[in-house]
Amino acid sequence: MFRYYAWLAARSLRRSPALTALMVLAIGLGIGASITTLTVLRVLSGDPLPEKSARIFLPLIEPRSMDDYRAGDPPSEHMTYPDAMNLLRAGRAKYQAVSTGGAVVVQPPDSTVEPFMADVRFTSADFFPMFETPFAQGSGWSADDDEARARVIVISQSLNDKLFGGADDSVGRTLRLRGNDFRVVGVLDHWRPTPHFYDLIVGNYSETDEIFVPIDTGLDLEFGRRGTMNCWDDATDPVRSPNCAWMQLWIELDSPAQRAEYEAFLANYSDEQRALGRFERPTNVRLYALPEWLEFKRVVPSDVRLQVWLAFGFLAVCLINTVGLMLAKFLRRAGEIGVRRAIGASRRQVFSQFLVEAGAVGIVGALLGVGFALLGLWAVRQQPGDYASLAHLDPTMLGTTVLLALLSSLVAGLLPAWHACDVPPALQLKSD
């Protein structure tokens with residue numbers, strides 16, 4: 001019976017090509033706009049560490065002076081070098097890693113290639129196992145390398161391609177950074193957590209850093225750093241000063257009990273530093289889980305959420321127009337419906353026939369909607385935003401497009417189909 005209904009639907013749609021085109025266009029435009037904005041929102045609000053984000057935390061303490069103090073203000077979003085290193089060496093978490101961004105001059109091994117600037121991440125050994133960074137070659141460095149200020153680095157796959165032609169034996173090679181030789185101990189596989197959670201100052205959706213260096217090694221060699229630095233008193237050496245906050249500490253904890261213990265540890269540390277005369281403000285500590293931190297920082301732009309609501313509002317308008325077009329089309333066939341009812345077709349059969357026709361419109365509308373969505377995402381990728389290159393239609397969103405189009409067309413066809421099956425056959429036969 002379904003094949004018969006499908007044949008009737010195809011025949012009916014061919015009889016009114018202009019009306020059919022309008023219905024398909026309305027659904028396609030609404031679906032295309034909705035899927036475009038929904039895909040962008042999905043990309044921007046993704047979980048950068050889906051397997052463990054609830055176990056990754058950002059500790060915050062308040063080291064600033066009483067200048068501009070207001071009760072209820074959140075603590076500093078960055079730590080001073082002494083505080084970050086004190087907490088790092090305390091070893092109270094499963095993993096802990098300091099992190100800050102910078103840039104350094106790379107001198108390629110091929111003398112015919114000009115030196116260039118590359119993004120660098122100053123961090124510590126636990127960065128790699130904590131964030132489960134994938135390695136194409138080698139691994140990260142060890143805690144002993146941190147302590148020894150070893151000249152070791154991890155590089156990205158893109159930098160490996162650029163400098164060593166994508167060689168699969170890059171571990172052990174020497175790379176010269178600002179006149180200093182470093183030994184490559186690892187090459188990352190493709191890794192671009194979205195959002196760029198571990199340094200939102202660099203950019204919410206920035207690409208992965210190209211070079212990773214032990215933090216004390218980078219500071220000793222005075223590699224360039226970038227990002228926010230907040231100083232509140234004189235500091236002859238701002239980078240290592242207890243009066244300048246500029247770096248972050250990330251930790252991994254395995255249970256709510258460990259979280260409570262670490263929060264207590266932060267409060268005790270803050271009280272201890274105040275007793276030593278360092279901290280002036282009242283104890284104010286936070287321990288943000290990764291999802292909480294992204295929410296606190298409002299990483300997803302508010303206008304993106306608004307665009308999604310507007311797009312679905314546009315889809316609703318398109319569906320209302322489609323309902324009107326289908327109603328007009330179906331009721332124009334009242335004579336045909338009367339004949340079918342008179343020769344024995346039940347209301348249910350008539351209703352099913354017209355619902356299949358609405359579904360056919362939805363399938364064609366889905367194909368058109370996919371085209372509009374691809375066009376819309378291409379337009380997004382032409383924008384200058386750091387997330388633009390991430391806007392692609394993945395298989396999940398493709399399936400969502402088809403399902404949403406089919407569901408929308410069926411919903412739009414319910415009222416017209418109901419009116420069609422409610423046509424009195426006797427009156428139609430008499431009028432004919």
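Residues numbered from 1 in each chain as written. Predicted model: local features only at pLDDT ≥ 70, side-chain atom pairs only at ≥ 80, totals over all residues. Heavy atoms only, no water.

### Topic: the overall build of the protein
Scanning the protein from N- to C-terminus turns up 14 helices and 13 strands. The burial tally for the protein puts 48% of its 432 residues in the buried class. Contacts spanning at least 24 positions in sequence make up 74% of the contacts within the protein whose residues lie at least 6 apart. In the form shown here, the protein has an accessible surface area of approximately 20400 Å², with 57% of it arising from carbon and sulfur atoms. (Helix = DSSP H or I, 4+ residues; strand = E, 2+ residues; numbered from the N terminus. Buried < 20%, exposed > 50% of the residue type's maximum accessible area, 1.4 Å probe, protein only. Contact = heavy atoms within 4.5 Å. Areas by Shrake-Rupley, 256 points an atom, 1.4 Å probe, with all protein chains shown as cover.)

### Thoughts on the packing of aromatic side chains
Enumeration according to the criterion identifies 20 aromatic pairs in this entry. Measuring from ring centre to ring centre gives 4.9 Å for Phe 131 and Phe 197, while their planes differ by 90°; the resulting arrangement is edge-to-face. Taken together, the residues span a long stretch of sequence, with Phe 131 in the loop between helix 4 (127-130) and strand 5 (135-138) and Phe 197 in the loop between strand 8 (180-188) and strand 9 (211-214) at a distance of 66 residues. By relative accessible area, Phe 131 is classed as buried at 1%. Of the residues examined, Phe 197 reaches a relative accessible area of 0% and is grouped as buried. Through successive ring pairs, a cluster of aromatic residues spans Phe 127, Phe 128, Phe 131, Phe 135, Trp 141, Trp 191, Phe 197, Tyr 198, Phe 212 and Trp 250. Across the ring face of Phe 116, the terminal group of Lys 162 is positioned such that the distance to the ring centre comes to 3.8 Å. In this arrangement the basic side chain of Arg 240 is found over the ring face of Tyr 81, its NZ or CZ atom lying 5.6 Å from the centre. (Phe/Tyr/Trp six-rings, centres within 6.5 Å; stacked < 30°, edge-to-face > 60°. Lys NZ or Arg CZ within 6 Å of the ring centre and 35° of its normal.)

### A few points about the packing of helix 3 (residues 81-90) against helix 8 (residues 256-275)
Running from amino to carboxyl end, helix 3 crosses helix 8 at an angle of 135°, the nearest separation of the two axes being 12 Å. In this view, helix 3 runs oblique relative to helix 8, as classed from their interaxial angle. Once helix 3 is placed against helix 8, the crossing between them reads as right-handed. For the pair helix 3 and helix 8, contact is made by Pro 82, Asp 83, Asn 86, Leu 87 and Ala 90 and by Tyr 262, Phe 265, Leu 266 and Tyr 269, respectively. Classifying every residue of the contact of helix 3 with helix 8 gives 7 nonpolar, 1 polar and 1 charged. (Axes fitted to C-alpha atoms, helices over the stretch in contact; angles between N-to-C directions. Parallel < 35°, antiparallel > 145°, perpendicular 65-115°, else oblique. Left-handed = near helix turned anticlockwise from the far one by under 90°. Nonpolar A, V, L, I, M, F, W, Y, C, P; charged D, E, K, R; others polar.)

### Considerations on the nonpolar core
Core analysis: the biggest nonpolar cluster contains 46 residues, and Ile 153, Leu 175, Leu 177, Ile 211 and Tyr 262 have the highest contact counts within it. The dominant element in this core, judged by the number of residues it contributes, is helix 3, at 5 residues. Sequence-distant contacts of Ile 153, that is, excluding residues within four places in its chain, are made with Leu 175, Leu 177, Phe 182, Arg 183, Val 184, Val 185, Gly 186, Ile 211, Phe 212 and Val 213. Judged by nonpolar contacts, the second largest core, of 39 residues, contains Phe 128, Tyr 198, Val 299 and Val 304. (Core = buried A, V, L, I, M, F, W, Y, C linked by side-chain atoms within 4.5 Å.)

### Here we look at the environment of Leu 287
Tracing the chain through its elements places Leu 287 in strand 13 (residues 286-289). A relative accessible area of 4% places Leu 287 in the buried class. Sequence-wise, Leu 287 and Ile 56 are 231 residues apart; in three dimensions their C-alpha atoms are separated by 9.8 Å. Leave out the neighbours within four places in its chain, and Leu 287 touches Phe 57, Leu 58, Pro 59, Ile 251, Leu 253, Arg 259, Tyr 262, Glu 263, Leu 266 and Glu 292.

### Thoughts on the pairing of strand 8
Across the 9 residues that make up strand 8, a large majority, 7, are buried. Here strand 5 pairs with strand 8 via 3 bridges, running antiparallel. Within the sheet, the bridge partner assigned to Phe 135 lies in strand 8 and is Leu 188. (Pairing = 2+ DSSP bridges.)

### A closer look at the pairing of strand 3 (residues 95-107)
Where strand 3 and strand 12 (residues 244-252) come together, 5 bridges link them in antiparallel fashion. Each residue of the ladder has a partner; that of Ala 97, found in strand 12, is Trp 250. In terms of strand pairing, strand 3 meets strand 4 (residues 116-123) through 8 bridges, oriented antiparallel. Residue pairing across strands places Val 104 opposite Ala 118, the latter belonging to strand 4. Bridging between strand 3 and strand 10 (residues 224-226) involves 3 bridges; their strand directions are antiparallel.

### What about the pattern of salt bridges?
A complete count under the given rule lists 23 salt bridges for this structure. Across the salt bridge formed by Glu 263 and Arg 259, the nearest N and O atoms sit 3.9 Å from each other. In this pair, Glu 263 and Arg 259 are both assigned in helix 8, 4 residues apart and thus about one turn of the helix distant. By relative accessible area, Glu 263 is classed as partly exposed at 32%. A salt bridge links Asp 271 to Arg 274; the shortest N-O distance between them is 3.1 Å. Note that Asp 271 and Arg 274 are positioned in helix 8 at a spacing of 3 residues, about one turn of the helix. Note on Arg 274: relative accessible area 25%, which makes it partly exposed. (Salt bridge = Lys/Arg side-chain N within 4 Å of Asp/Glu carboxyl O.)

### Side note on the confidence of the model for the protein
Low-pLDDT stretches of the model should not have their predicted coordinates read in fine detail. For the protein, mean pLDDT is 85; residues scoring 70 or higher make up 89% of the total. Note that pLDDT drops below 50 for residues 426-431; the model gives that stretch 7 contacts with residues more than four away or on any other chain. (pLDDT = per-residue confidence, 0-100.)

### Description of helix 3
Buried within helix 3 are the following residues: Tyr 81, Asp 83, Ala 84, Met 85, Leu 87 and Leu 88. Trailing helix 3 by a residue or two, Gly 91 shows a phi angle of about 60°, which is positive.

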